[in-house]
Amino acid sequence: MKAPVITISRQFASMGRTIAQRLARELNIEILDRDIVAEAARRMNMSIPEISHLDEHPGYNRFFMRKTYLFNFGVYNSSEKLFDVERNVIEDYAEKGNCIIVGRCAESILRDRENILKVYIYAPFEARVRHCMEDLMIGGRNEAEADIRRVDEARSTYRRRHAFSENPYDNFDVLINSDTFGIEGSAQMLASLARKHLQGFD
């Protein structure tokens with residue numbers, strides 16, 4: 001049996017990353033989030049800001065064309081190349097197991113893997129606005145609402161391009177409302193589910 005893996009996808013400002021961090025401490029396993037971007041940047045011989053630019057501007061190719069001499073792929077869509085590299089990074093991390101992988105459609109990439117728990121964390125819009133202002137310190141309500149809508153659209157576009165199902169929830173085992181259960185409650189609930197349903201946790 002493969003070592004256990006948990007994937008966590010989340011709405012912006014649902015506190016999903018914080019819940020993932022608490023869950024990692026509870027289970028005493030590694031959490032991989034921005035590490036995926038850093039490793040992809042290393043493999044592509046690019047900086048993290050350059051990789052982030054490609055993430056935020058899918059289909060923007062002129063920037064990538066300056067880098068194609070590194071790869072020998074000819075003319076190739078930049079965001080697709082980045083996703084291929086990030087997919088390989090996720091698969092490599094998952095092969096080692098005993099980790100939580102945050103974001104990057106990991107639940108779709110690893111959909112056929114055994115011994116995995118695939119989680120989606122969400123919250124009502126008003127709760128997310130509150131988290132933006134009080135926890136993420138984004139600014140006033142107008143700024144918070146604008147950021148939520150911008151990130152939601154970016155993530156929706158990313159998922160449409162890279163998820164393996166038209167229904168965004170097909171690949172998840174658990175959907176959890178973080179506003180109902182809170183950060184600690186959500187982490188404890190997920191830890192209990194992981195210990196019960198995954199082999200390798202006592």
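Calculation rules
Per chain, residue numbering runs from 1 following the sequence as it is written. Since the coordinates come from a predicted model, pLDDT governs what is reported: local features require at least 70, and pairs of side-chain atoms require 80 or more to be given and counted, while whole-chain, interface and lining totals use all residues. Side-chain descriptors were evaluated using all non-hydrogen atoms of the structure, hydrogens and water having been removed beforehand. Here the axes come from fitting lines to C-alpha atoms, over the contacting stretch only for helices, and the angles between their N-to-C directions go from 0 to 180 degrees. A run of H or I in DSSP becomes a helix once it reaches four residues, and a run of E becomes a strand once it reaches two; helices and strands are each numbered from the N terminus. Two helices cross in a left-handed way if the nearer one is turned anticlockwise from the farther one by less than a right angle. They cross in a right-handed way if the turn is clockwise. The contact criterion used throughout is that any non-hydrogen atoms of two residues lie within 4.5 Å. Each residue gets one of three labels, nonpolar for Ala, Val, Leu, Ile, Met, Phe, Trp, Tyr, Cys and Pro, charged for Asp, Glu, Lys and Arg, and polar for the others, Gly among them. Only strands that DSSP links by at least two bridges are regarded as paired with each other. Expected span of a helix: the number of residues minus one, times 1.5 Å. Exposure categories follow from relative accessible area, calculated using a 1.4 Å probe and restricted to protein chains: below 20% of the type maximum is buried, above 50% is exposed, and the middle band is partly exposed. In this description, the arc belongs to the directions extending from the helix axis to the C-beta atoms. Here, patches come from residues exposed beyond 30% relative accessible area and free of salt bridges, joined within 9 Å for like charges and within 5 Å for nonpolar side chains (Val, Leu, Ile, Met, Phe, Trp, Tyr). Per-residue and other accessible areas follow the Shrake-Rupley method at a 1.4 Å probe size, with only the shown protein chains counted as cover for residues. The term salt bridge refers to a pairing of a side-chain nitrogen on Lys or Arg with a carboxyl oxygen on Asp or Glu at a separation within 4 Å. In this scheme Phe, Tyr and Trp rings, the latter by its six-membered ring, pair at centre separations within 6.5 Å, and the angle between planes marks the pair as stacked below 30 degrees, edge-to-face above 60, and tilted otherwise.

(A) Structural view of the packing of helix α2 (residues 34–44) against helix α5 (residues 78–96). In the contact formed by α2 and α5, the axes pass within 9 Å of each other and the chain directions differ by 115°. Helix-helix and strand crossings are classified by hand; for α2 and α5 the assignment is right-handed. Each of Asp35, Ile36, Val37, Glu39, Ala40, Arg43 and Met44 in α2 lies in contact with α5, whose residues at this interface are Lys81, Leu82, Val85, Glu86, Asn88, Val89, Ile90, Asp92 and Tyr93. Looking at the contact of α2 with α5 residue by residue, the classes come out as nine nonpolar, one polar and six charged.

(B) Local environment of the sheet that holds strand β2 (residues 30–32). Spatial strand order, β2-β3-β1-β4-β5: five strands in an open sheet with parallel pairing. The open sheet has two free edges, formed respectively by β2 and β5 (174–177), since each of these has just one partner strand. For this sheet the average axis-to-axis angle between neighbouring strands, irrespective of direction, equals 20°. Two strands pair when backbone bridges link them, and strand β1 (residues 5–10) and strand β3 (residues 99–102) are joined in this way by four bridges, in the parallel orientation. Pairing of isoleucine 6 across the sheet is with isoleucine 100, part of β3.

(C) Region of the structure containing helix α8 (residues 141–162). In this model, α8 (22 residues) spans 31 Å end to end at C-alpha, consistent with the 32 Å of a helix rising 1.5 Å per residue. Within the sequence span of α8, burial applies to Ala144, Glu145, Ile148, Val151, Tyr158, Arg159 and His162. The buried side chains of α8 occupy one side of the element, clustering within an arc of 160° when seen end-on. Of the exposed residues in α8, the ones pointing more than 90 degrees away from its buried face are Asn142, Arg150 and Arg160.

(D) Quick peek at a nonpolar patch on the surface. Residues Tyr122, Tyr169 and Leu175 make up a contiguous nonpolar surface patch of roughly 280 Å² in combined accessible area. Position of tyrosine 122 relative to the elements: it lies in strand β4 (residues 116–122).

(E) The packing of aromatic side chains, seen in detail. Taken as a whole and judged by the stated rule, the model has two aromatic pairs. The interplanar angle of 70° and the centroid separation of 6.2 Å between the aromatic rings of phenylalanine 83 and tyrosine 158 together place this pair among those described as edge-to-face. Of this pair, phenylalanine 83 sits in helix α5 while tyrosine 158 sits in helix α8, placing them 75 residues apart in sequence. Since its relative accessible area comes to 4%, phenylalanine 83 is described here as buried.

(F) Examining the environment of leucine 82 more closely. Counting through the fold element by element, leucine 82 comes out in helix α5. Taking the C-alpha atoms as reference points, leucine 82 and isoleucine 51, 31 residues apart in sequence, are found 7.7 Å from one another.

(G) How the structure looks around the pairing of β4. Burial of β4 is extensive: six of the seven residues sit out of reach of the surface. Looking at chain direction, β1 and β4 are connected through six bridges and run parallel. The residue bridging threonine 7 from the neighbouring strand is lysine 118, located in β4. Note that β4 and β5 share four bridges and pair parallel. If you follow isoleucine 121 over to β5, its bridge partner there is isoleucine 176.

(H) The arrangement of the side chain of serine 186 in detail. By secondary structure assignment, the location of serine 186 is in helix α9 (residues 178–197). For serine 186, the residues in contact, after removing those within four places along its chain, are Ile19, Ile176, Ser178 and Phe181.

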